[in-house]
Structure formats: C-alpha cells, structure tokens
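Below, each chain spelled out in residue letters.
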Amino acid sequence: MTDYKNMELLRFTTAGSVDDGKSTLIGRLLYDSKSIFEDQYEAVRQSTERRGEEGVNLALLTDGLKAEREQGITIDVAYRYFATPKRKFIIADTPGHIQYTRNMVTGASTANVALILIDARHGVVEQTRRHAFIASLLQIPHLVVCVNKMDLVDYKEEAFERIKADFEEFSYKLDVNDVHFIPISALMGDNVVDKSANMPWYGGSTLLYYLENVHIGSDYNFIDCRFPVQYVIRPNTDEYHDYRGYAGRVAGGVFKKGDKVMLLPSGFTSKIAKIDTFDGEVEEAYPPMSVTMLLEDDLDLSRGDMIVRENNTPEIDQDVEVMVCWFNERPLQVRGKYAILHTTQDVRCIIKEVRYKLDINSLHRNEEDKQIGMNDIARVVIRTTKPLFHDSYRKNRVTGSVIFVDESTNETVGAGMII
Amino acid sequence: MSYNLNHLKELEAESIFIIREVAAQFERPVLMFSGGKDSILMVHLARKAFYPANIPFPLLHIDTGHNFPETIAYRDELVASVGARLIVGSVQEAIDQGKAVEEKGFNASRNYLQTNVLLEELEKGKFDAALGGARRDEEKARAKERFFSHRDEFGQWDPKNQRPELWNLFNGKKVFGEHFRVFPISNWTELDVWMYLAMEKVPLPSLYFAHKRPVFEREGTLLADCEYITKRPEEQAAVEEKMVRCRTIGDMTCTGVWESEAATIEDIIKEVSIARKTERGGRTDDKRSETAMEDRKKQGYF
Ligand SMILES: Nc1nc2c(ncn2[C@@H]2O[C@H](COP(=O)(O)OP(=O)(O)O)[C@@H](O)[C@H]2O)c(=O)[nH]1
C-alpha cells in the first residue's frame with residue numbers, strides 16, 4: 001500500500017491555445033495514472049462511440065469546460081485531482097481562449113508549475129507568448145513546455161529543437177528561471193507517463209516523472225519571517241483563562257519558540273512563548289502551516305496585524321505600486337476607490353495613477369492608452385487608507401498579492417502583484 | 001534543511017485557514033453536519049482551527065427521521081465530546097406540521113424535503129455562512145465550485161456571479177440578507193479523506209466498518225432492512241443477513257450497503273484503492289447507482 005504519509009502536494013496549471021491538446025493531455029494523465037473510475041471511463045467510451053470516433057477520446061474526460069464554451073456560459077477555472085504514490089496533484093485547468101487572461105491568472109496564482117502546450121505543427125504562437133508571460137508575471141516557480149502532437153511531425157528531433165529555440169529566444173526576456181521542454185504525444189501517450197520508443201533522441205524525463213520529481217521544497221520563502229494574524233483565540237474557560245493565541249498561516253520564514261519578534265503596526269517587540277497546535281506544541285513553524293502563536297508579553301494584537309523579526313521587516317507603506325490584472329467588465333476607474341484585501345488586512349484604496357498598460361503579446365508599455373478593461377494588465381499606483389505590511393510579489397507571493405473589490409457590488413474586480 | 005509538509009498536512013493547513021477565515025469574516029457561521037465522514041472531518045478540522053477554544057459556531061443537522069440509529073448515537077457522542085452546540089432541523093416535524101408532504105411508494109425518500117428544512121433553519125438562525133463538507137472531486141459539476149460560494153438573498157447559486165479566487169485571499173463581502181456556503185475541504189479527494197482520518201485516528205461511526213445486518217437487494221443495490229422502506233413481497237422474502245458496511249452515510253431508505261470484510265480504516269483505504277482498479281473491469285452499475293444517490297443527497301444539501 002502507498003505510504004501516504006510521505007506524499008507531497010503539487011499544484012499545476014495548464015495553458016494552451018484551443019485544440020493544442022490540453023484536454024487530451026489531462027485525460028491521458030488521469031487515465032494512465034489510474035485516477036479514472038470505471039463509470040467515468042465507460043461514459044467517455046460511449047460518447048466517443050456516439051460521435052462515431054474510434055477508440056476512447058480521453059479529452060472527453062474533462063469535457064465540462066468545452067461544452068460550456070460552446071453554449072457560451074461563463075468559462076472558468078476547473079480543478080481536477082489525481083495522485084501517484086509520490087505526489088497528489090491539483091490541476092487548475094483554464095480554457096486557452098484569448099479573452100481569458102483573468103482565468104489563467106486565477107489558476108496560476110497558487111501553482112508550483114505551469115504547463116504550456118504547443119502544437120508541434122504550429123510552433124510558438126502569440127498565445128504561447130501570452131501564457132509564458134502570465135506564468136512569469138505570477139511567478140510560477142517552474143515552467144514545462146510540452147511540445148505536443150509529435151506524432152504529426154514524425155517524431156522528428158528538428159521540429160522539437162526548432163520550437164525550443166524559438167521559445168528560448170523570447171523567454172529570456174521574461175522572469176522565468178526554471179524551464180523544461182518535453183516532446184510528447186498526448187493522444188498516443190508518448191513521454192506523458194511512459195517513455196516514448198518513437199523518440200530515442202530525447203534523453204529527458206517523461207512529463208509525469210518531471211511532475212513527480214521537480215523540487216518544490218523551495219517554492220515558499222523560508223527566509224523572511226511573516227505571520228499575518230488571522231484570528232485571535234481566547235477560550236473563555238477556567239483552564240485557559242489567560243490564553244491569548246494569535247492564529248494564522250505562516251506567510252514566510254521559519255518561526256521558532258523563543259524568537260524575538262516585532263509586531264506591526266505597533267512596533268513593539270516580544271518573544272514567542274509557544275507555537276501551539278491541536279496536536280501539541282511545535283518547535284518551529286514555516287509556510288504553509290496554520291498555527292497559533294503565543295507571546296511572552298501581554299500585547300493586544302488583532303486581525304490584520306503582523307508578527308515579523310525585528311531586523312527583517314516588510315515594507316510599511318500607504319503608497320504602493322502594483323501590476324494589476326483587471327477582471328471586470330466595468331473598467332478600472334482612475335481616482336476610483338476600491339476595497340482591497342491583502343494578507344488578513346481589509347482596507348480601502350484610491351487608484352492614483354495608471355503608469356502604463358502592458359501589451360501582453362509584445363510586452364510593449366503603452367503610456368498613452370490608460371483605459372484598463374477586462375483582461376488588461378497595467379501598472380498602477382495606489383494609496384491605501386492604512387499602511388500595508390508588504391513585500392514585493394517577487395520576494396513573497398503571499399505578502400506581495402492583493403485583490404481589488406468593487407464596494408458597490410462586492411465583486412472581486414482585479415488582482416494585483418506588488419512591485 | 002527540509003521544511004516540508006506531507007500532502008495531508010498541507011490540505012489540513014489550507015482547510016484550517018479557510019475555517020478561521022469564516023470565523024473572522026462572518027458574524028453567524030454554522031457548520032452543516034450530515035453524519036458522514038466528510039462532515040466528521042469538518043468537525044475535526046474546526047476543532048483544530050480554534051483549539052484550545054471550543055468551535056465558535058453551532059453544528060446544524062437536518063434530521064430526516066430516517067437516519068440509521070448509529071448515526072444519531074455517533075452525532076450525540078461527538079457533539080458532547082467536542083463541546084459544540086447542536087441545532088437539529090427536523091423533517092418529521094415539518095411533515096407533522098403540514099409544511100412538507102411525505103412521498104409515498106416503494107422509492108419514497110425524504111431527500112427533497114431536506115432542502116426546505118435546511119433553508120428554513122438557515123433563515124431562522126440568521127446564519128450568514130454555512131460551512132459544508134463538499135469536495136470538488138465528487139462530480140464534474142463541482143470542479144469549478146469556489147471555496148467561498150456566494151448565494152443571493154433567496155439562497156440561490158448564480159454560476160455567473162461567482163467571484164474569482166486567487167492566492168489565499170477570500171472575498172466574503174456581502175450585503176445584508178445574502179449569505180455564503182463555504183467548502184473548506186474542496187481540494188480533498190475521497191482517498192485523501194480516508195488517509196487523513198486514518199493518520200489522525202479519528203473515531204468513526206460503526207456503520208463504515210463491516211458488520212452483520214439483514215439486507216435485501218433492489219435494482220442491484222443492497223439496502224438495510226428497516227421499517228422506513230416499503231418492501232415488495234419478493235424483497236421481503238429475500239431478506240438475509242450479510243457482512244456489510246456503508247460507503248456513504250445517508251438515510252436508511254436510500255443508502256446502499258456493500259458486502260465487505262473491512263474492519264479498520266486501513267482496510268477501507270485498501271478497499272477504496274483497489275476498488276478503483278477492479279471497477280475498471282466493469283462493475284459499472286454499482287458505481288453508478290452509488291453516485292446517483294450521492295448526487296440526490298447533494299442537491300438537497302448543498
Ligand atoms: N495526432 C494527435 N492529435 C492530438 C494529440 N493531442 C490532441 N490531439 C487531437 O487534437 C484535437 C484537440 O485536442 P483537445 O485535447 O480537445 O484540445 P484542447 O482544445 O487543447 O483541449 C483532438 O482532435 C485531439 O484528438 C496528439 O498528441 N496527437
């Protein structure tokens with residue numbers, strides 16, 4: 001039986017243009033890793049038959065999004081799950097269509113790995129650039145470029161090498177450091193789970209092997225200690241009469257019992273008396289653990305405050321610059337006021353200025369057109385009603401991210417990455 | 001240096017974060033408790049989230065009156081041991097008061113009656129967030145469900161008006177009268193749940209383990225013999241005792257039981273993992289009726 005206490009969790013997002021084979025690839029991963037129930041498989045076999053196709057169309061396993069696209073219903077991120085004895089995988093499956101930058105951004109926000117599909121016959125296209133750019137903007141630590149449909153180019157090495165070179169030529173300008181290329185055929189199964197006999201020239205690993213083994217242990221920031229207070233625990237019982245615990249999820253760094261800490265916004269200092277959990281005290285806490293901190297001094301922290309180290313504080317500022325991806329039909333309003341959520345803080349802000357709009361195909365910075373509509377990406381300057389305790393998004397994805405909320409509709413209208 | 005959580009601990013940390021977020025963002029949350037393993041997991045996680053304080057919100061059970069007696073006994077024991085407040089919404093009462101009409105016939109079930117009783121209880125308690133134990137892997141339609149699922153003032157879910165969820169930032173803002181359903185274990189699969197319950201040694205209702213019970217077969221599913229089901233004469237004649245267990249827990253009228261020898265959670269994990277493989281060999285009818293039943297339950301419940 002699987003040693004389930006030693007499995008890790010990996011989240012990845014998939015991107016590709018329509019018909020590059022994304023659904024087929026996901027279906028293949030689910031099927032070859034034996035994550036498909038018989039009834040699901042049987043339903044797919046039957047609908048393949050109804051469509052008069054041969055064999056079993058694995059793309060139909062994840063058919064939900066496609067059917068909706070055809071019906072014109074909201075297209076969205078769908079989450080799928082599969083596991084191997086080594087890892088559990090969460091796939092954020094986002095439709096590849098041109099308008100859906102916002103979905104890709106959403107799916108990418110929590111991913112360890114971005115998987116970008118390219119049709120071997122078409123090579124790098126505009127959408128490929130867009131996807132790679134979003135992966136870099138969202139700081140997804142690892143990028144895998146799957147050159148798909150290798151069977152349609154006779155499994156030729158040159159086809160693969162040419163696409164690889166094309167991709168590298170533009171991606172060196174992007175902020176991505178770990179890129180892998182894998183030649184596959186999602187339809188035939190080459191290099192997805194099993195190594196391909198058709199491409200002896202390829203010495204690298206299969207996609208599943210890569211996903212099972214890519215080192216994700218350093219994807220969090222373990223250096224800069226950040227603990228946003230989420231909730232204050234005060235049991236009203238005799239036994240825990242004086243207990244005042246600060247519950248939250250470690251956003252960065254490693255906290256240890258006895259550490260000298262600084263509290264924001266007050267600037268007071270104290271020591272960690274205890275790091276508590278239901279299962280008992282722990283010696284240290286690191287991302288993404290949910291724990292409860294107890295301090296030696298009787299200080300009155302509340303939600304939105306942050307526990308940090310004295311000699312390593314985040315930026316504390318009301319004027320912040322962010323790259324924002326806009327999600328709403330109603331365009332971003334310059335001088336407009338929005339609520340923003342940042343760590344466990346809930347404050348208001350005013351958009352002071354749009355510095356430029358980014359053309360995500362050419363990466364050109366347009367300083368003339370400052371109309372920011374749905375799916376646009378722009379650099380903006382905001383001023384908040386209270387200081388934010390933040391880091392740059394590059395340094396920490398948790399303390400560097402914000403969402404914008406329209407106060408009249410309560411909708412989430414934008415996602416921001418602090419520069 | 002190795003700072004690594006295993007996948008179950010990471011799922012746990014995520015769920016605890018979301019449960020705390022609910023307590024922080026909402027005024028009157030409630031945890032929907034059905035008696036099954038997913039809601040048992042939810043109670044366990046909620047305990048962890050607020051330890052050493054008690055869970056700061058009540059549990060809500062919609063009792064159809066057709067539960068296995070074991071479910072009710074387990075529920076009462078659990079509630080007492082965690083020191084939670086329990087609210088019971090009774091379908092029987094709704095029927096007695098003429099607010100609901102009982103279905104008749106062989107396949108009579110109270111599943112549909114649950115929904116109204118649930119909505120009424122939510123309104124009565126002025127709850128603004130209802131925590132549920134639904135998972136995204138349960139069916140295709142759930143794959144896009146949010147952690148924070150927004151409902152309008154009629155309790156309805158509008159797929160077009162769901163908010164994008166990024167990072168760990170959950171937007172629970174609403175106007176008066178609206179509420180949220182929140183699903184902290186969205187990212188868990190069935191196998192994750194069993195593995196975690198095993199790792200944590202959480203006591204489970206005896207129904208999940210193999211036991212002897214009189215059963216009869218209906219349309220390929222084994223049902224527990226009980227007074228709530230109207231049996232056909234040939235079904236009555238075929239009642240016999242078997243070693244069985246429940247894979248899901250719901251009403252006696254519609255919860256299939258399975259022949260099994262699984263005596264421990266480890267046995268169940270083995271059974272669930274192997275079931276995936278043999279199911280590929282072709283026992284589709286069983287599987288289908290099982291999920292169909294879960295679906296019906298879910299429609300009512302979530
Ligand atoms: N020959 C070949 N066809 C493929 C491959 N992968 C996908 N396809 C086909 O390409 C078409 C589009 O695939 P699909 O998975 O639906 O694309 P999606 O729009 O990216 O989800 C389908 O007809 C697939 O059968 C492959 O590796 N080789």
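Residues numbered from 1 in each chain as written. Chains lettered and ligands numbered in written order. Predicted model: local features only at pLDDT ≥ 70, side-chain atom pairs only at ≥ 80, totals over all residues. Heavy atoms only, no water.

Draft legend 1. Structural context of the overall build of chain A. A tally of helices and strands in chain A yields seven helices and 22 strands. Taking 22 Å as the expected radius of gyration for a compact globule of 419 residues, we find that chain A reaches 24 Å, a close match to that expectation. The 419 residues of chain A split such that 60% are buried. If you take every contact in chain A between residues at least 6 apart in sequence, the share linking residues at least 24 apart comes to 70%. On chain A, roughly 17,200 Å² of surface is accessible, and the fraction owed to carbon and sulfur atoms is 44%. Where the 50 positive side-chain charges of chain A centre and where its 64 negative ones centre are 3 Å apart. (Helix = DSSP H or I, 4+ residues; strand = E, 2+ residues; numbered from the N terminus. Rg over C-alpha atoms; globule rule 2.2 N^0.38 Å. Buried < 20%, exposed > 50% of the residue type's maximum accessible area, 1.4 Å probe, protein only. Contact = heavy atoms within 4.5 Å. Areas by Shrake-Rupley, 256 points an atom, 1.4 Å probe, with all protein chains shown as cover. Lys, Arg positive; Asp, Glu negative; His and termini not counted. Charge placed at Lys NZ, Arg CZ, Asp CG, Glu CD.)

Draft legend 2. Seen up close, helix 1 (residues 7-25) of chain B. Residues and elements named next belong to chain B. Here helix 1 is 19 residues long and its end C-alpha atoms lie 27 Å apart, about the 27 Å a rise of 1.5 Å per residue gives. In terms of residue burial, helix 1 counts as a mostly covered element, since 16 of its 19 residues are buried. N-capping of helix 1 is provided by N6, with a side-chain oxygen placed 3.0 Å from the backbone N of L8. (Expected span 1.5 Å × (residues − 1). Polar contact = N/O pair within 3.5 Å; in protein donor to acceptor, adjacent residues only side chain to side chain.)

Draft legend 3. Layout of the pattern of salt bridges. Counted according to the given criterion, the structure contains 48 salt bridges over all chains. Overlapping salt bridges, with partners in common, bring together A:D279, B:K9, B:E12, B:K48 and B:E200 in one network. (Salt bridge = Lys/Arg side-chain N within 4 Å of Asp/Glu carboxyl O.)

Draft legend 4. Representation of the sheet that holds strand 4 (residues 113-119) of chain A within the structure. Residues and elements named next belong to chain A. Taken together, the six strands give an open sheet; going across it, the order is 2-3-1-4-5-6, and neighbouring strands pair in mixed fashion. Looking at the sheet topology across the chains shown, the edges are occupied by strand 2 (78-83) and strand 6 (179-183). For this sheet the average axis-to-axis angle between neighbouring strands, irrespective of direction, equals 25°. Pairing analysis gives four bridges linking strand 1 (residues 8-15) to strand 4, with the strands arranged parallel. By the bridge assignment, F12 is partnered in strand 4 with V113. Contacting strand 1, strand 4 and strand 5 (142-148), helix 5 (residues 126-137) runs over the sheet at an angle of about 175° to strand 4. (Pairing = 2+ DSSP bridges. Axes fitted to C-alpha atoms, helices over the stretch in contact; angles between N-to-C directions.)

Draft legend 5. Inspection of the packing of aromatic side chains at higher detail. Counting across every chain of the model gives 29 aromatic pairs over all chains. Seen in terms of ring centroids, A:F82 and A:F89 are 4.7 Å apart; in terms of plane orientation they differ by 20°. Their pairing is stacked. Look at A:Y338 and A:F404: their rings are 6.3 Å apart centre to centre, the planes differ by 85°, and that puts the pair in the edge-to-face class. Placement of the pair is A:Y338 in strand 17 (residues 337-342) and A:F404 in strand 21 (residues 401-405), with a sequence separation of 66 residues. Each member of the pair A:Y338 and A:F404 is classed as buried. A connected cluster of aromatic rings, assembled from ring pairs, spans B:F17, B:F26, B:F147, B:F148, B:F170 and B:F180. One Lys or Arg, B:R136, reaches over the ring of A:Y79 and ends 4.1 Å from the middle of that ring. Here the guanidinium or amino end of B:R136 rests over the ring plane of B:F147, the centre of that ring lying 4.9 Å away. (Phe/Tyr/Trp six-rings, centres within 6.5 Å; stacked < 30°, edge-to-face > 60°. Lys NZ or Arg CZ within 6 Å of the ring centre and 35° of its normal.)

Draft legend 6. Local environment of the domain arrangement of chain B. Residues and elements named next belong to chain B. Its domain assignment divides chain B into domain 1 (7-192 + 291-299) and domain 2 (206-286). The partner domain 2 presents 25 residues to the 23 residues of domain 1 that form the contact. The junction of domain 1 with domain 2 conceals about 2,100 Å² of combined surface from both sides, 56% of it contributed by carbon and sulfur atoms. Our enumeration of links across domain 1 and domain 2 arrives at one salt bridge. Where R213 meets E70, a salt bridge forms, and the shortest distance between an N and an O atom there is 2.9 Å. Between domain 1 and domain 2 we count two residue pairs in polar contact (both at pLDDT 80 or more) in total. At the level of secondary structure, the elements contributing two or more residues to the side of domain 1 that touches domain 2 comprise helix 3 (69-82), helix 6 (190-199) and helix 9 (284-301). (Domains from an automatic or database assignment. Buried area = accessible area lost by both parts, 1.4 Å probe.)

Draft legend 7. View of the interface of chain B and chain A. Contact residues are listed per partner, giving 72 residues for chain B and 79 residues for chain A. Buried surface at the junction of chain B and chain A, both sides included, amounts to about 6,700 Å², of which 58% is carbon and sulfur. At the surface where chain B touches chain A, the tally comes to seven salt bridges. For B:E10, the salt bridge is made with A:R11, and the minimal N-O distance between the two is 3.9 Å. Where the side of chain B that touches chain A is concerned, the elements lending two or more residues are helix 1, helix 2 (37-50), helix 6, helix 8 (265-280) and helix 9 of chain B. The element best represented in the side of chain B that touches chain A is helix 1 of chain B, accounting for 14 residues. Of the residues contributing to the side of chain B that touches chain A, the split by class is 29 nonpolar, 15 polar and 28 charged. (Nonpolar A, V, L, I, M, F, W, Y, C, P; charged D, E, K, R; others polar.)

Draft legend 8. Just the nonpolar core, in detail. Grouped together as the largest cluster of nonpolar side chains are 81 residues, with contacts concentrated most on B:L31, B:F148 and B:W194. Judged by nonpolar contacts, the second largest core, of 74 residues, contains A:A108, A:A132, A:M199 and A:V214. (Core = buried A, V, L, I, M, F, W, Y, C linked by side-chain atoms within 4.5 Å.)

Draft legend 9. Structural view of the sheet that holds strand 8 (residues 221-224) of chain B. Residues and elements named next belong to chain B. Pairing is antiparallel in the closed barrel, where four strands are placed in the order 7-8-10-9. With strand direction ignored, the average angle separating the axes of adjacent strands in the sheet is 70°. Pairing between strand 8 and strand 10 (residues 256-259): two bridges, direction antiparallel. For L222, the partnering residue across the bridge sits in strand 10 and is V257.

Draft legend 10. Expanded view of helix 2 of chain B. Counted at 1.5 Å a residue, the expected span for helix 2 of chain B with its 14 residues is 20 Å, and the 20 Å between its end C-alpha atoms agrees. For helix 2 of chain B, a buried count of 13 out of 14 residues is recorded, marking the element as mostly surrounded by other parts of the structure.

Draft legend 11. Structural view of the environment of B:V175. Relative to the elements of secondary structure, B:V175 occurs in the loop between strand 5 (148-151) and strand 6 (179-182). As for B:V175 and B:R136, which are separated by 39 residues in sequence, their C-alpha atoms are 27 Å apart.

Draft legend 12. Examining the pairing of strand 2 (residues 59-63) of chain B more closely. All names here are of chain B. Of all five residues making up strand 2, five are buried, and the element is well covered by its neighbours. Where burial is concerned, the two faces of strand 2 agree: the one with L59, H61 and D63 and the one with L60 and I62 are both buried. Judged from the two bridges that link them, strand 1 (residues 29-32) and strand 2 form a sheet pairing that is parallel. Counted as the bridge partner of M32 is L60 from strand 2. As a crossover connection, the stretch from strand 1 through helix 2 into strand 2 is right-handed. Note: strand 2 against strand 3 (residues 86-90), five bridges, orientation parallel. Directly across from D63, in strand 3, lies its bridge partner S90. Each parallel crossover has a hand, and for strand 2 linked through helix 3 to strand 3 it is right-handed. (Right-handed = clockwise from strand over helix to strand, strands pointing away.)

Draft legend 13. Spatial organisation of the packing of helix 1 of chain B against helix 6 of chain B. All names here are of chain B. Where helix 1 contacts helix 6, the two axes come as close as 10 Å, and the packing angle between them is 95°. In terms of axis orientation, helix 1 runs roughly perpendicular to helix 6. Residue-level inspection shows H7, L8, K9, L11 and E12 of helix 1 in contact with helix 6, the latter providing D192, M195, Y196 and M199. Residue classes in the contact of helix 1 with helix 6 are distributed as five nonpolar, one polar and three charged. (Parallel < 35°, antiparallel > 145°, perpendicular 65-115°, else oblique.)

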